Amino acid sequence: MTFLENWAEWLPHLLQGLGTSLLLTLCVAGIGFPLGLALALLSIAPVRIVRVLSIAFIEVFRGIPLLVVIFFAYFGFPDIGLVISAFATIVVAHSLNLGAYSSEVFRAGILHVGAGQREAASSLGLTPWHAFSRVVLPQALRAVPGPLMSFLIMVFQSTSLAFAIGVGEMTSQAFSIGSMTFDYLSVLVLAGIIYAVLCIASARIVARFEAKMRA
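Think of each chain on its own: its residues are numbered from 1, step by step along the sequence as written. Owing to the predicted nature of the model, reporting of local features is limited to residues with pLDDT of at least 70; listing and counting of side-chain atom pairs is limited to 80 or more, with chain, interface and lining totals taken over all residues. Excluding hydrogens and water, the side-chain values take into account all heavy atoms of the structure.

- You'll find the chain entered in an unreviewed UniProt entry as Amino acid ABC transporter permease, with Prauserella salsuginis given as the organism.
- Note on the chain: under the UniProt heading Sequence similarities (unreviewed entry), the record states "Belongs to the binding-protein-dependent transport system permease family."
- UniProt positions are given in the numbering used here, feature names are shortened, and annotations may be inferred rather than shown by experiment. The Subcellular location (unreviewed entry) comment attached to the chain in UniProt states, word for word, "Cell membrane".

### Some details on helix H4 (residues 86-112)
For step 1, the next point in the chain: Helix length check: H4 (27 residues) gives 39 Å between terminal C-alpha atoms against 39 Å at 1.5 Å per residue, within 8%.
For step 2, the next point in the chain: Of all the bends in H4, the greatest, near 30°, is centred on Ser 102. Starting at the N terminus, helices and strands are each numbered in turn, a helix being any DSSP run of H or I of at least four residues and a strand any DSSP run of E of at least two. An expected span of 1.5 Å times one less than the residue number is assigned to each helix. In this analysis the local bend is the angle between axes fitted, respectively, to the seven residues ending at and the seven residues starting at the residue.

### Description of the layout of surface pockets
For step 1, the next point in the chain: The method works on a 1 Å grid over the protein atoms by themselves. A cavity is a set of points holding a 1.4 Å probe that cannot get out, a pocket is an open set with protein on both sides within 12 Å along at least five of seven lines, and residues with an atom within 4 Å of a point line them. Grid points are joined across faces, edges and corners, and a volume is the space filled by probe spheres set on the points. Put simply, the largest pocket is a space of about 220 Å³.
For step 2, the next point in the chain: Taken together, Leu 22, Thr 25, Met 149, Leu 152, Ile 153, Phe 156, Leu 198, Cys 199, Ser 202, Ile 205 and Val 206 form the lining of the largest pocket.
For step 3, the next point in the chain: The element contributing the most residues to the lining of the largest pocket is helix H9 (residues 184-214), with five residues.
For step 4, the next point in the chain: Charged residues are taken to be Asp, Glu, Lys and Arg, nonpolar residues to be Ala, Val, Leu, Ile, Met, Phe, Trp, Tyr, Cys and Pro, and polar residues to be all remaining types, Gly included. Its residues assigned to classes, the lining of the largest pocket shows nine nonpolar, two polar and no charged.
For step 5, the next point in the chain: Here the second largest pocket is characterised by a volume of approximately 160 Å³.
For step 6, the next point in the chain: Lining the second largest pocket are Leu 66, His 94, Asn 97, Leu 98, Tyr 101, Phe 151, Met 154, Val 155 and Ser 158.

### Here we look at the UniProt feature "transmembrane region" (unreviewed entry) in the chain
For step 1, the next point in the chain: Per the UniProt entry, the sites bearing "transmembrane region" (unreviewed entry) are residues 20-45, 52-74, 80-101, 148-167 and 187-207 in this numbering.
For step 2, the next point in the chain: When the span residues 80-101 is considered, its composition is 73% helix and 0% strand, and the gap between its end C-alpha atoms is 27 Å.
For step 3, the next point in the chain: This span, residues 148-167, is 55% helix and 0% strand, and a straight line between its end C-alpha atoms measures 25 Å.

### Remarks on the nonpolar core
Buried together is how nonpolar side chains tend to be arranged in soluble globular proteins.
For step 1, the next point in the chain: Throughout this description, the term nonpolar core refers to a set of buried Ala, Val, Leu, Ile, Met, Phe, Trp, Tyr and Cys residues connected via side-chain atoms within 4.5 Å. Think of it in three bands: with a 1.4 Å probe and only protein chains considered, a residue is buried below 20% of the maximum accessible area for its type, exposed above 50%, and partly exposed in between. Counting 16 residues, the largest nonpolar core has Trp 10, Leu 14, Met 170, Val 187, Leu 190 and Ile 194 as its most contacted members.
For step 2, the next point in the chain: Broken down by secondary-structure element, the contributors of at least two residues to this core are helix H1 (3-43), helix H7 (145-158), helix H8 (170-181) and H9.
For step 3, the next point in the chain: Counting residues per element, this core draws most heavily on H9, which supplies seven residues.
For step 4, the next point in the chain: Formed by 15 residues, the second largest nonpolar core is a distinct cluster that contains Ile 58, Val 69, Ala 162 and Ile 165.

### Observations regarding the packing of H1 against H8
For step 1, the next point in the chain: It is the contact of H1 with H8, at a shortest axis distance of 7 Å, that shows an interaxial angle of 150°. In terms of their interaxial angle, H1 and H8 are classed as roughly antiparallel. Between H1 and H8, the residues in contact are Trp 10, His 13, Leu 14, Gln 16, Gly 17, Leu 18 and Ser 21 and Met 170, Gln 173, Ala 174, Ile 177 and Thr 181, respectively.
For step 2, the next point in the chain: Class assignment of the residues belonging to the contact of H1 with H8 gives a composition of six nonpolar, six polar and no charged. Axes, fitted as lines to C-alpha atoms, cover a helix only where it is in contact. Angles between the N-to-C directions of the axes lie from 0 to 180 degrees. Should an angle fall under 35 degrees it is taken as roughly parallel, and over 145 as roughly antiparallel, whereas 65 to 115 is taken as roughly perpendicular and any remaining angle as oblique. Contacts between residues were defined by any pair of non-hydrogen atoms, one from each residue, lying within 4.5 Å.

### Structural notes on the packing of helix H3 (residues 66-76) against H4
For step 1, the next point in the chain: At their nearest, the axes of H3 and H4 sit 9 Å apart, and the two run at 135° to each other. What the angle tells us is that H3 and H4 run oblique. Relative to H4, H3 is oriented so that their crossing is right-handed. Counted together, Leu 66, Val 69, Ile 70, Ala 73 and Tyr 74 of H3 and Ala 86, Thr 89, Ile 90, Ala 93, His 94 and Asn 97 of H4 form the full contact between these two elements.
For step 2, the next point in the chain: A class-by-class count of the residues in the contact of H3 with H4 yields eight nonpolar, three polar and no charged. By the definition used in this description, the sense in which the near helix is turned from the far one sets the handedness, with an anticlockwise turn below a right angle giving left-handed and a clockwise turn giving right-handed.

As structure tokens, this is what we get:
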């Protein structure tokens, strides 16, 4: 069989794994981005201890390699009586990582809104909470979609780490095929092409979206 015939045979299995990769990405985004926003708000809270704890959390999870977090959750949690599935482990570990990194984007977006906007809201009689929720936060959120979408592409790429604990995403499927055929090179090239096509296309969409937002 030629390599094209092999690719045609392997493609359905890789696409099945791709579905798992995309599902992981969506689950992580659904948890990680709200967590990032919450951490951003806590990092600028008026209470010092809250700021210190939130910034410490952010720095810790930005500093620890994601694979270490995955192993800690998967192999360490059972030692304290907490057993979760491999899929849930990946979602939790990635969400903590994404929350830590995206918090800086949200924080920058919030701080980007000038003091004049806050003063104008206050002069209209809005309470500090209403000024923040109705004036500051909406403007901040309009400034962050581009960077957050870039983070989402990186999350999709890093779902390949799920292979390390046996989640059947695309890299795991590629290695399974390689172990049966001993043709690791061809199947990994095919998986790499799929990753590259999706990520390059997504990056182009993000670039156009950011250009449109700036126009």
